[in-house]
Amino acid sequence: MAPLTGAQVLAQALKQQGVQVAFGIVGIPVVEIADAIQAEGIKFIGFRNEQSCSYAASAWGYLTQQPGVCLAVSGPGVVHALAGIVHSQVNTWPMVLIGGACETTLEGAGAFQEFRQVEMCRPYTKYSARPATIGHIPAVVERAFTSAVAGRPGASYIDLPADIIQGQAPLAVNPAPRFAPAVGMADPVAVARAVELLARAKSPLLVVGKGAAYARAEEQIRALVDKYQAPFLPTPMGKGVVPDDHPRNASSARSAALSGADVIVLLGARVNWLLHFGRRFSPTAKLIQIDVCPEEMGVNVPVAVGLVGHLPLVVQQLTDSLAGPFVADPEESEFVKSLAAHGRKNSEKQNERYLSDELPMSYYRAFAEIKQRLPHDVVLVSEGANTMDIARTVFDFQQPRRRLDCATFANMGVGMGYAIAAQTYYTESRVVAVVGDSAFGFSAMELETAVRARLPLVVVVINNSGIYFGLDQDQYEERRDALP
């Protein structure tokens, strides 16, 4: 049996886990890993900064439901990549970070880039470990990938010392079955209680979170909306799970929908800062929460019914149990009519902003011009402060997982990593990143990465000459001659 290096054993183990692409930066001691994974047919995209490649791996996990793989050098490289680890953990997206480390024989001796990486990553991952030997690598890889996708998805870390990477052992990497996450249905008794609440509701609201997009529950949720005919409100990355042009979309009357609903169904959505911690819900509203994680039930706002299970299956249970629309004629519902009136009023204001000729140009006018020129199946990466917040109200999506933003952790600097991952995944669609100038500055050099990887993505920078609000009209006039 021909001996294999630790790098080769790792590469074969990654191949068995179905890895198709890895994002990273090569250097001591992981150069051999990058060589080995490419020899196994895994595409490697080399970045300029570990934060960006860790965000790319995070986005890959969201888009594919399979762990995105990031490769980083020891010490500072792993520290930089920790941004993507935490981002994945908070957003519950699967990711595996592989970090190099100093030789085991030099630990404690002040070795090059020596750092306690396993311990550093452990609080922010579901699994953090170092294989004790080359032969132990496949088991650690399998455990890391299983942990990343099982139950509530998250991040894993694998630590590889230089002597493990470069050492050799006469062994074969035996085929390992890829873990298939268990999927379960909700308790039928709880489903029946939820149906009772929905049958009595006068102003129900369905809130579609990014968890619904990740779970690929679009078919089931669209069927639920069509059968029950309740208004729905997508969170920013839940847009497109139900097409934005659906008549029950309440996005243009968001505040009225949240405050006026008497029964709110949370579909893969958490009651966190994105939903104002539930403080804009009616105090008498009843919540039905569907989530794969039992611990998420009742966070910030008590739930009347918690449905724990795989979102597509639970939504199907709910749809099958409902008799039909929440009222005989939803178009005559006072709640629906009220939301429609609010929506028309807000849309009129929005359209006026789109046509404004004021200088400096407003976000709305800039976005309106961009929107007219985007293909129907565009994948939009939105990053920045006002750039992201306002874009959420302007750009429409008819398909899920076509809008990527800072998500729950609200990281600045995700834009280029996201865009590169998205264009690698969506090979037949145009990826457009619309980013603020400050946000773009975090990862602008990754444009070179995209060019080198032959990725035809487009980046539009919204320059407001400042951070967040930029300059107001008076400030603009005072400094007009000095502005570029």
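Conventions adopted
- Residues numbered from 1 in each chain as written.
- Predicted model: local features only at pLDDT ≥ 70, side-chain atom pairs only at ≥ 80, totals over all residues.
- Heavy atoms only, no water.
- Helix = DSSP H or I, 4+ residues; strand = E, 2+ residues; numbered from the N terminus.
- Rg over C-alpha atoms; globule rule 2.2 N^0.38 Å.
- Buried < 20%, exposed > 50% of the residue type's maximum accessible area, 1.4 Å probe, protein only.
- Contact = heavy atoms within 4.5 Å.
- Axes fitted to C-alpha atoms, helices over the stretch in contact; angles between N-to-C directions.
- Parallel < 35°, antiparallel > 145°, perpendicular 65-115°, else oblique.
- Left-handed = near helix turned anticlockwise from the far one by under 90°.
- Nonpolar A, V, L, I, M, F, W, Y, C, P; charged D, E, K, R; others polar.
- Phe/Tyr/Trp six-rings, centres within 6.5 Å; stacked < 30°, edge-to-face > 60°.
- Lys NZ or Arg CZ within 6 Å of the ring centre and 35° of its normal.
- Arc of directions from axis to C-beta.
- Pairing = 2+ DSSP bridges.
- Polar contact = N/O pair within 3.5 Å; in protein donor to acceptor, adjacent residues only side chain to side chain.
- Core = buried A, V, L, I, M, F, W, Y, C linked by side-chain atoms within 4.5 Å.
- Salt bridge = Lys/Arg side-chain N within 4 Å of Asp/Glu carboxyl O.

## Examining the overall build of the chain
When its secondary structure is counted, the chain shows 19 helices and 17 strands. For a compact globule of 484 residues, the expected C-alpha radius of gyration is about 23 Å, and the chain comes in at 24 Å, within 12% of that figure. Projected onto the principal axes, the alpha-carbon positions of the chain cover approximately 75 × 70 × 40 Å. Counting all 484 residues of the chain, 57% fall into the buried class. The long-range fraction of contacts in the chain, counting pairs at least 24 apart against all pairs at least 6 apart in sequence, stands at 74%.

## Considering the packing of helix H14 (residues 363–372) against helix H15 (residues 386–394)
Put simply, H14 and H15 touch, their axes get as near as 10 Å, and they point 55° apart. One way to sum up the angle between H14 and H15 is to call them oblique. As for how H14 packs across H15, the hand of that crossing is right-handed. Across from Tyr-363, Tyr-364, Phe-367 and Lys-371 in H14, the residues of H15 making contact are Asn-386, Thr-387, Ile-390, Ala-391, Thr-393 and Val-394. The residue makeup of the contact of H14 with H15, split by class, is 6 nonpolar, 3 polar and 1 charged.

## Description of the packing of aromatic side chains
One pass over the full model with this rule turns up 8 aromatic pairs. In this structure an aromatic cluster arises from ring pairing among Phe-23, Phe-47, Trp-60, Tyr-425 and Tyr-426. Stacked on the ring of Tyr-364, the Lys or Arg Arg-353 has its end atom at 4.8 Å from the ring centre.

## Digging into helix H2 (residues 31–39)
Regarding H2, the residues found buried are Ile-33, Ala-34, Ala-36 and Ile-37. One side of H2 holds all its buried residues, which, seen down the axis, span an arc of 165°. A positive phi of about 90° marks Gly-41, the residue just after H2.

## Looking at the sheet that holds strand S4 (residues 68–72)
Taken in spatial order, the 6 strands make up an open sheet running S3-S2-S4-S5-S7-S6, and their pairing is parallel. Lying at the two open borders of the sheet, with one neighbouring strand each, are strand S3 (43–46) and strand S6 (127–129). Neighbour-to-neighbour, the strand axes of this sheet turn through a mean angle of 20°, independent of strand direction. Here strand S5 (residues 95–101) pairs with strand S7 (residues 155–161) via 7 bridges, running parallel. Bridging from a neighbouring strand, Gly-99 pairs with Asp-159 of S7. Each of strand S2 (21–24), S4 and S5 is contacted by helix H3 (residues 50–64), which is oriented at about 165° to S4, the strand it contacts most.

## Focus on unusual backbone geometry
The amide bond that connects Ile-28 to the next residue, Pro-29, takes the cis arrangement and shows omega of 5°. Here Pro-29 lies in the loop between S2 and H2. That bond from Leu-359 to Pro-360 is cis: its omega, 0°, falls within 30 degrees of zero. Assignment of secondary structure puts Pro-360 in the loop between helix H13 (334–354) and H14. One non-glycine residue, Gln-113, adopts positive backbone phi at about 55°. Following the sequence through the fold, Gln-113 ends up in the loop between S5 and helix H5 (117–121).

## Section: the side chain of Ser-203
Within the fold, Ser-203 resides in the loop between helix H8 (188–200) and strand S9 (204–208). For Ser-203, the side chain forms a polar contact with the main-chain oxygen of Gly-260, separated by 2.9 Å. Setting aside chain neighbours within four positions, we find Ser-203 in contact with Gly-260, Ala-261, Asp-262, Val-263 and Phe-335.

## Notes on helix H16 (residues 415–425)
Most of H16 sits out of view: 10 of its 11 residues are buried. Within H16, the full set of buried residues consists of Gly-415, Met-416, Gly-417, Tyr-418, Ala-419, Ile-420, Ala-421, Ala-422, Gln-423 and Thr-424.

## Some words on the nonpolar core
With 87 residues, the main nonpolar core has Phe-23, Ile-221 and Leu-307 as its most contacted residues. Among all residues touching Phe-23, those that are not within four sequence positions of it are Phe-44, Ile-45, Phe-47, Cys-53, Ala-56, Ala-57, Trp-60, Val-69, Cys-70, Leu-71 and Ala-421.

## A word on the pairing of S9
Look at any regular strand and the pattern is simple: side chains alternate between the two faces of the sheet. Summarising burial for S9: 5 of the 5 residues are buried, a large majority. Residues Pro-204, Leu-206 and Val-208 line one face of S9 and the alternating positions Leu-205 and Val-207 line the opposite face, and both faces are buried. Pairing of S9 with strand S11 (residues 263–267) involves 5 bridges; the strand directions are parallel. Across the sheet, residue Leu-205 finds its bridge partner in S11, namely Ile-264.

## Some points on the sheet that holds strand S17 (residues 458–462)
Read across the open sheet, the 4 strands follow the order S15-S14-S16-S17; overall the sheet is parallel. Each edge of the open sheet carries a strand with a single partner, namely strand S15 (403–404) and S17. Sheet topology places strand S14 (residues 379–383) next to strand S16 (residues 431–436); 5 bridges connect them, and they run parallel. Looking across to S16, one finds that Val-379 is bridged to Val-431. Against the sheet, H14 contacts S16 and S17, and its axis sits at roughly 165° relative to S17. Its contacts with the sheet place H16 against S14, S15, S16 and S17, and it is angled at close to 170° to S14.

## With respect to the environment of Ala-230
On the secondary structure map, Ala-230 appears in the loop between helix H10 (218–228) and strand S10 (232–234). In contact with Ala-230, other than residues within four places in its own chain, are Pro-204, Leu-206, Val-225, Arg-248 and Phe-326.

## Observations regarding the pattern of salt bridges
Counting across every chain of the model gives 16 salt bridges. Between Glu-332 and Lys-337 there is a salt bridge whose closest N-O contact spans 3.8 Å. The exposure class of Lys-337 is partly exposed, given its relative accessible area of 34%. Residues joined in a network through salt bridges with shared partners are Asp-357, Arg-365, Glu-369 and Arg-373.

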